[in-house]
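Descriptive analysis of the structure
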Amino acid sequence: MKIYKSLALALIAGAGLLSVTSCSDYDYDAQLSRTDITGPFALKSATGNTYTSSIEGDIITVKINPFANVDAELNGALPVFYLPMGATCSPSPLEPQNFTEEVKYTVTSGDGKNHRTYTVKWGPSDPLPVGQGYAYSRILAEKLYTELGYPGAAMTGDDGGDAPHGDLLFWPAFCSGKLVGFSHVYAWGNSSKNFPANPSLAFKVWNAETLAEENVSVNLGSLNVGEIVNITNDWYGHMVAATGGVNGAASAVYYWPSIDAAPVKVGDLPKPVYFNSHTVDASMFIQVAGDITDKAVISYMTDRSATGDHVAVNVSGGQVQDHKIISTGYQSNDKSWTQMISFFGSDNNSNYLVGDTEGDGNGSVKGYYNSSSGMTLSVMPAHLNGKALTDGVTWWSATGKSGGRGGCRRPFVMAMIINGKEYSLVLTGYDWSYRSQMMTGDFSVYTDDVLCYDMRRYSMAAIGAAGLNGINSFGSAGCWYWDADANEGRVAIWNGREGLATFLISSYE
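Note that the structure is a prediction, hence the values are computed from the model and not measured. (Residues numbered from 1 in each chain as written. Predicted model: local features only at pLDDT ≥ 70, side-chain atom pairs only at ≥ 80, totals over all residues. Heavy atoms only, no water.)

Let's shift gears to the overall build of the protein. Counting its regular elements, the protein contains four helices and 34 strands. Considering the protein as a whole, with its 509 residues, one finds that 56% of them fall into the buried category. Taking the contacts inside the protein whose residues are at least 6 apart along the sequence as the reference set, 58% of them involve residues at least 24 apart. In the structure as shown, the protein presents an accessible area of about 19300 Å², 49% of it carried by carbon and sulfur atoms. (Helix = DSSP H or I, 4+ residues; strand = E, 2+ residues; numbered from the N terminus. Buried < 20%, exposed > 50% of the residue type's maximum accessible area, 1.4 Å probe, protein only. Contact = heavy atoms within 4.5 Å. Areas by Shrake-Rupley, 256 points an atom, 1.4 Å probe, with all protein chains shown as cover.)

Across the sheet, which stays open at both edges, the three strands sit in the order 29-30-31 with antiparallel pairing between neighbours. The sheet terminates laterally at strand 29 (412-418) and strand 31 (433-440), the two strands that pair on one side only. Each strand axis lies, on average, 20° off the axis of its neighbour in the sheet, ignoring direction. (Pairing = 2+ DSSP bridges. Axes fitted to C-alpha atoms, helices over the stretch in contact; angles between N-to-C directions.)

For the rest of this paragraph, the subject is empty space enclosed by the protein. All chains considered together, the criterion is met by four cavities of 30 Å³ or more. Space inside the largest cavity adds up to approximately 100 Å³. T232, N233, Q287, V288 and W480 are, among the 13 residues lining the largest cavity, the residues nearest its centre. Elements with a minimum of two residues in the lining of the largest cavity: strand 15 (228-233), strand 19 (286-290), strand 23 (339-343), strand 29 and strand 32 (476-483). (1 Å grid on protein atoms, 1.4 Å probe; cavity = no way out; pocket = protein on both sides within 12 Å on 5 of 7 lines; lining within 4 Å. Points joined across faces, edges and corners; volume = space filled by probe spheres on them.)

Turning our attention to the sheet that holds strand 25 (residues 365-370). The strand order 23-24-25-26 describes an open sheet built from four strands, whose pairing is antiparallel. Every other strand in the sheet has two partners, leaving strand 23 and strand 26 (376-379) as the edge strands with one partner each. Looking at each pair of strands side by side, their axes are set apart by 25° on average, direction ignored. Relative to strand 25, strand 24 (residues 352-357) is paired through six bridges, and the arrangement is antiparallel. Note on strand 25: the bridge partner recorded for T357 is V365.

Below, the discussion takes up the packing of aromatic side chains. One pass over the full model with this rule turns up 22 aromatic pairs. Seen from their ring centres, Y150 and Y186 are 6.1 Å apart, and the 5° between their planes marks the pair as stacked. Here the residue Y150 occupies a position in the loop between strand 11 (136-144) and strand 12 (170-175), and Y186 occupies one in helix 3 (residues 184-188), the gap between them amounting to 36 residues. Among the residues examined, Y186 registers a relative accessible area of 2% and is labelled buried. Ring pairs connect the aromatic residues Y145, Y150, F170, Y186, F195, W206 and W494, which therefore count as one cluster. Lying over the aromatic face of F474, R405 brings its terminal NZ or CZ to 3.9 Å of the ring centre. The residue whose ring lies beneath R409 is W171, and the NZ or CZ to ring-centre distance is 4.3 Å. (Phe/Tyr/Trp six-rings, centres within 6.5 Å; stacked < 30°, edge-to-face > 60°. Lys NZ or Arg CZ within 6 Å of the ring centre and 35° of its normal.)

The next point concerns the confidence of the model for the protein. Per-residue pLDDT for the protein averages 87, and the proportion of residues at 70 or more is 89%. Per-residue pLDDT stays below 50 along residues 1-23; that stretch engages in 45 contacts with residues further than four places along the chain or on separate chains. (pLDDT = per-residue confidence, 0-100.)

As structure tokens, this is what we get:
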């Protein structure tokens, strides 16, 4: 059942229903003998939410999302229901109860002759039908860069010192239900800053629910840390890595059946994933749509061009097959150097999302929904549902400012299929803050839930209003998966120099 933000129900104790009839026709004795709870039964939680229920005989089942904080929602809740004329109820419905446990209400008829006891319990709500997307989301965990176990006490860049601080060139990926973080800088070093590689810090593993670091190592098999360009995961939570090297070294793709299993080679890629001469170009990465173990499409940018070219490689039976070049129609060799695509289907003939930057001022972040033929079907609005955020800036949801660092991942876009419905998650920001914006796939509806995320409200408490300069960072990165059998999924968002957050999404109402 849906969780309603407000529900107007009147609590009527000892009052009868009015009938448009004559007094001689009204059976007062029958009304005074009633003990049934009439109309809907609902609970008003201490958090302000209202939960509806189903009534079967003497059993009242309150429906609540199984991923909600049941104790916070049901402990101390107030019931809202109707009683027949003259009837009383014990305990009083005006008293809050702990509905995480069964609560019994005894209704006594108005004439005092009849009694009936109802048992109130709670059960899971119903999932939305396939095609209707998700209904519930919440933040699972948030941690600043300084809380993630890396060296370096500052979040303000990689200039000097013995650590890159928040400029890890970081990629998150889900694997075996855990969250893996890969730092390209620790794996490859940063040649432009004379910062050496430190392979021991290239991979970290966290509990996806709490972001507590786990004593688990990623099994690399025969791979070397220094040949991994980046990681991601497919729609089902299989971690995927692309290999390569500077100056267009040959590239291949691998996936992990589990975090402790050796990686499985999916195949060699037709063009290099990494083509720059230095080691820290954040714009070079892959995306995987579908199931990498069966049918999927791998996408990544080729050398930058005026037509915005990307490689789209089909995977069938868990092996690389044919490929084609996708031209977005928007140049990728402009000042920002960055562009990415993300497919809404599991082959390279699917519609796709384009993330691009055009220019370098406010509003330079762009998003496009393209057909499989490359035609732009919809454009991310420049001003969508503006809202004031914690730092006092009115942020226009679908815009942002391109990063000052060449190849900065702003925007980072994810085309998502959640319970059969298309969504577009856009990670963006401006000089002093990051934003994520969750919209329907074609940008027509802004979800306005926790995935429209502003980590600054969390980081300000630690570093102050002017403590983070994100304009010259490597930008953001994210990952997600959906478990259709469990009607739930996970999302992770990394903001360079700032930190990491994980989210739960569910189709339960």
